[in-house]
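# Structure assessment
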Amino acid sequence: MSIAENLKSIKEKTAKFPAKLVAVSKTKPAETIKEVYELGHKIFGENKVQELVDKYETLPKDIEWHMIGHLQRNKVKYIAPFVHLIHSVDSLRLLQAINKEGEKNQRVILCLLQIHIAEEETKFGLSEEELHELLSSEDFKNMQFVRIKGLMGMATNTDNEVQIRKEFKSLKTLFEKIKQQYRDSKVEMEELSMGMSGDFEIALEEGSTLIRVGSSIFGSREYH
Ligand SMILES: *Cc1c(COP(=O)(O)O)cnc(C)c1O
């Protein structure tokens, strides 16, 4: 299928849910993104700072850019002027760096806190305990240039749907709990970023509001 057909099919599957599609364009050239943009899609996700900046500079300025990959503190400055949402905040120190760059740019930067829900040890993310620690810390309370818009998580890379569903359910439960517990101008729990090419249909059923889909739209990625 063509990219246009892939996009249409995913949008059809998403239409009956209150969720938005982040088209994950990592490794794909700007021309390919332009093609999708011209079909009317304007939300794209990248996982590398340099690539995100390059694409931001070349492509139309009304694109909403989402940073979905692991972010190093010393690279926040490059994306702070324009990034729409950072999905992958996994430490207080990173959030402090984002707050600092937000202040320099005089803009409040929207963030999701990434939660570790998978069985794999290697995936990034906060535990539930670390999440509470962060949200109740004085440091966080003093940050004026960040806003927490929700949570993000990645399920275990497995064919076991029962396992994936269980992990998404646990993230949704945590999301609702945080929403009740932290009523603060800096915590606005609205977005639950979960679901990729292999599992976005399960994620939609479990309450995702942002699915991050790459290969099912653009085809498989080639790494050089
Ligand atoms: C690459 C990536 C995706 C998209 O993966 P696909 O399986 O190609 O849909 C989603 N989320 C994150 C964090 C990614 O790095």
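Everything discussed here concerns the structure shown above.
Right, let's walk through the structure included here. Note that residues are indexed from 1 along each chain, following the sequence as it is written. With the structure being a predicted model, the display of local features is reserved for residues of pLDDT at least 70 and the display and counting of side-chain atom pairs for 80 or more, all residues being used for whole-chain, interface and lining totals. Based on all heavy atoms of the structure, the side-chain values leave hydrogens and waters out of the count.

### Things to note about the pattern of salt bridges
- Here a salt bridge means any side-chain nitrogen of Lys or Arg lying within 4 Å of a carboxyl oxygen belonging to Asp or Glu. Inspection of the entire model under this criterion finds 15 salt bridges.
- When the shortest N-O distance is used, the salt bridge between Glu12 and Lys8 registers 3.4 Å. Pair noted here: Glu12 and Lys8 are both in helix H1 (residues 3–15), with a separation of four residues, about one helical turn.
- To sort residues, take the accessible area from a 1.4 Å probe on protein chains only and compare it with the maximum for the residue type: under 20% means buried, over 50% means exposed, and anything in between is partly exposed. Take Glu12: its relative accessible area is 52%, and that puts it in the exposed class.
- Judged by relative accessible area, Lys8 falls into the exposed class, the value being 55%.
- Across the pair Glu138 and Lys141 runs a salt bridge whose closest N-O atoms are separated by 3.9 Å. Taken together, the residues Glu138 and Lys141, both in helix H7 (residues 138–141) and three residues apart, mark about one turn of the helix.
- Owing to a relative accessible area of 52%, Glu138 belongs among the exposed residues under this scheme.
- Each of Arg165, Lys169, Glu205 and Glu206 takes part in salt bridges that share partners, so that together they form one network. Helix numbering and strand numbering both begin at the N terminus, where a helix is a DSSP run of H or I of at least 4 residues and a strand a DSSP run of E of at least 2.

### Some thoughts on helix H8 (residues 161–181)
- Expected span, for any helix, means 1.5 Å times one less than how many residues it has. The end-to-end C-alpha separation of H8 is 30 Å, in line with the 30 Å expected for 21 residues at 1.5 Å each.
- Within the span of H8, buried status applies to Gln163, Ile164, Glu167, Phe168, Leu171, Leu174, Phe175 and Ile178. Considered in projection along H8, the buried side chains sweep an arc of 130° and stay on one side of the axis. Residues of H8 that are exposed and point over 90 degrees away from its buried face: Val162, Lys166, Thr173 and Gln180.
- The contact criterion used is simple: two residues touch if any of their non-hydrogen atoms lie within 4.5 Å. Elements that come into contact with the buried residues of H8 comprise strand E5 (109–115), helix H6 (128–136), strand E6 (146–153), strand E7 (187–193) and helix H9 (200–205).
- Measuring from the side-chain oxygen of the N-cap residue of H8 to the backbone nitrogen of Val162 gives 3.0 Å; that N-cap residue is Asn160. Working note: the arc is built from the helix axis to C-beta atom directions. Here a polar contact is taken to be a pair of N or O atoms separated by no more than 3.5 Å, where protein atoms must pair a possible hydrogen donor with a possible acceptor and residues adjacent in sequence count only if both atoms sit in side chains.

Just geometry here; none of it tells us what the structure is for.
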